[in-house]
Amino acid sequence: LAKTTQPISMDSYEGQEVNITCSHNNIATNDYITWYQQFPSQGPRFIIQGYKTKVTNEVASLFIPADRKSSTLSLPRVSLSDTAVYYCLVASTGGFKTIFGAGTRLFVKA
Amino acid sequence: SAVISQKPSRDICQRGTSLTIQCQVDSQVTMMFWYRQQPGQSLTLIATANQGSEATYESGFVIDKFPISRPNLTFSTLTVSNMSPEDSSIYLCSVDFAGGYNEQFFGPGTRLTVL
């Protein structure tokens, strides 16, 4: 499983766009990139998943460059309720095993 | 998606005792997982529990300490045996519906404190 590296923490203000970058230099051909969000006292929640280029859903966008050695989770116009820990994971389809890295603690201020 | 419940939501236990944590899913699922999350830390996978087969444990976790049952496609239990204060943690179960695409759904967790 590819190891991931993300910033330990980030601060932002309400209404700003937040970009969290994850490095995964050893990503394999079959690996997908998945992001989870975890609020205090709750289990992680799936946000978005992608293989290459750009993926967008109602919550976030995921940008993946051509070499796939990194990815960027983009949260548009964050609010206080987006304060959470965000985890980047890399694993192959069918592998099932999910290994969580340290995560990025995002703190949104008013 | 899925609705996943865990019982108990929290417990305080004495050293040397055992606690069984239940995980119930509102639909059938093949893959279930058990994680541990210590305060302020990331999640650590304990084991993968497939219905009809023995659980597969990750390095550092053994069946004698964390026995797992998976009697059907909607239910699993994790027992934390012979507890010590180092076992104080949040224990979470999760399920994977997407055929291995790593879109997992997590339960709310069980907060365990061992005195």
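Residues numbered from 1 in each chain as written. Chains lettered and ligands numbered in written order. Predicted model: local features only at pLDDT ≥ 70, side-chain atom pairs only at ≥ 80, totals over all residues. Heavy atoms only, no water.

Q: Got a minute to help me understand the pairing of strand β5 (residues 53–56) of chain A in this structure?
A: Successive side chains on a regular strand alternate, one facing one side of the sheet and the next facing the other. All names here are of chain A. Inspection of the sheet shows β5 paired to strand β6 (residues 61–64) by four bridges, in the antiparallel sense. Looking across to β6, one finds that T53 is bridged to I64. In textbook terms, the turn of a hairpin is the stretch between consecutive antiparallel strands, and for β5 and β6 this stretch comprises four residues. (Pairing = 2+ DSSP bridges. Helix = DSSP H or I, 4+ residues; strand = E, 2+ residues; numbered from the N terminus.)

Q: Looking at this structure, I do not really get the state of the cysteines. What am I missing?
A: Structurally, a disulfide amounts to a covalent bond that connects the sulfur atoms of two cysteines. Using the criterion set out here, one finds two disulfides over all chains in the structure. Paired by a disulfide, C22 of chain A and C88 of chain A hold their sulfur atoms 2.2 Å apart. In this structure the cystine formed by C22 of chain A and C88 of chain A twists about its S-S bond by roughly -80°; its chirality is therefore left-handed. With C22 of chain A in strand β2 (residues 18–23) and C88 of chain A in strand β8 (residues 84–92), the pair connects residues that are 66 residues apart, well separated along the chain. Each member of the pair, C22 of chain A together with C88 of chain A, is buried. The disulfide that involves C23 of chain B links it to C93 of chain B, with 2.0 Å between the sulfurs. Between C23 of chain B and C93 of chain B the disulfide shows an S-S torsion of about 70°. By sign, it is right-handed. Pair noted here: C23 of chain B is in strand β3 (residues 19–25) and C93 of chain B is in strand β9 (residues 89–96), with a separation of 70 residues, a long-range link. (Disulfide = S-S within 2.5 Å. Buried < 20%, exposed > 50% of the residue type's maximum accessible area, 1.4 Å probe, protein only.)

Q: What should I look at first to understand the pattern of salt bridges in this one?
A: Pairing is possible between side chains of opposite charge, provided their charged atoms come close. Residue and element names in this part refer to chain B. Enumeration according to the criterion identifies two salt bridges over all chains in this entry. The salt bridge involving K65 is made with D87; its shortest N-O contact spans 2.6 Å. Of this pair, K65 sits in the loop between β6 (56–57) and β7 (68–72) while D87 is found in the loop between β8 (75–80) and β9, placing the two residues 22 residues apart along the sequence. Per residue, the accessibility class of K65 equals that of D87, and both read buried. (Salt bridge = Lys/Arg side-chain N within 4 Å of Asp/Glu carboxyl O.)

Q: I tried to follow the packing of aromatic side chains on my own but got confused; where do I start?
A: Given two aromatic rings, one states the distance between the centres and the angle between the planes to describe the pair. Going through the model one piece at a time under the given rule, you end up with nine aromatic pairs over all chains. Ring geometry for Y36 of chain A versus F100 of chain A: centroids 5.5 Å apart, planes at 55°, classification tilted. On the criterion of sequence distance, the pair formed by Y36 of chain A in strand β3 (residues 31–38) and F100 of chain A in the loop between β8 and β9 (104–109) is long-range, its members being 64 residues apart. Taking the centre distance of 5.3 Å and the plane angle of 85° together, the rings of Y87 of chain A and F100 of chain A count as edge-to-face. Highlighted residues: Y87 of chain A in strand β8 and F100 of chain A in the loop between β8 and β9, separated in sequence by 13 residues. For the pair shown, Y87 of chain A and F100 of chain A are each scored as buried. A connected cluster of aromatic rings, assembled from ring pairs, spans Y36, F46, Y87 and F100 of chain A together with Y35 and F106 of chain B. When the ring centre of Y51 of chain A is taken as origin, the NZ or CZ atom of R68 of chain A, which lies over that ring, is 3.9 Å away. (Phe/Tyr/Trp six-rings, centres within 6.5 Å; stacked < 30°, edge-to-face > 60°. Lys NZ or Arg CZ within 6 Å of the ring centre and 35° of its normal.)

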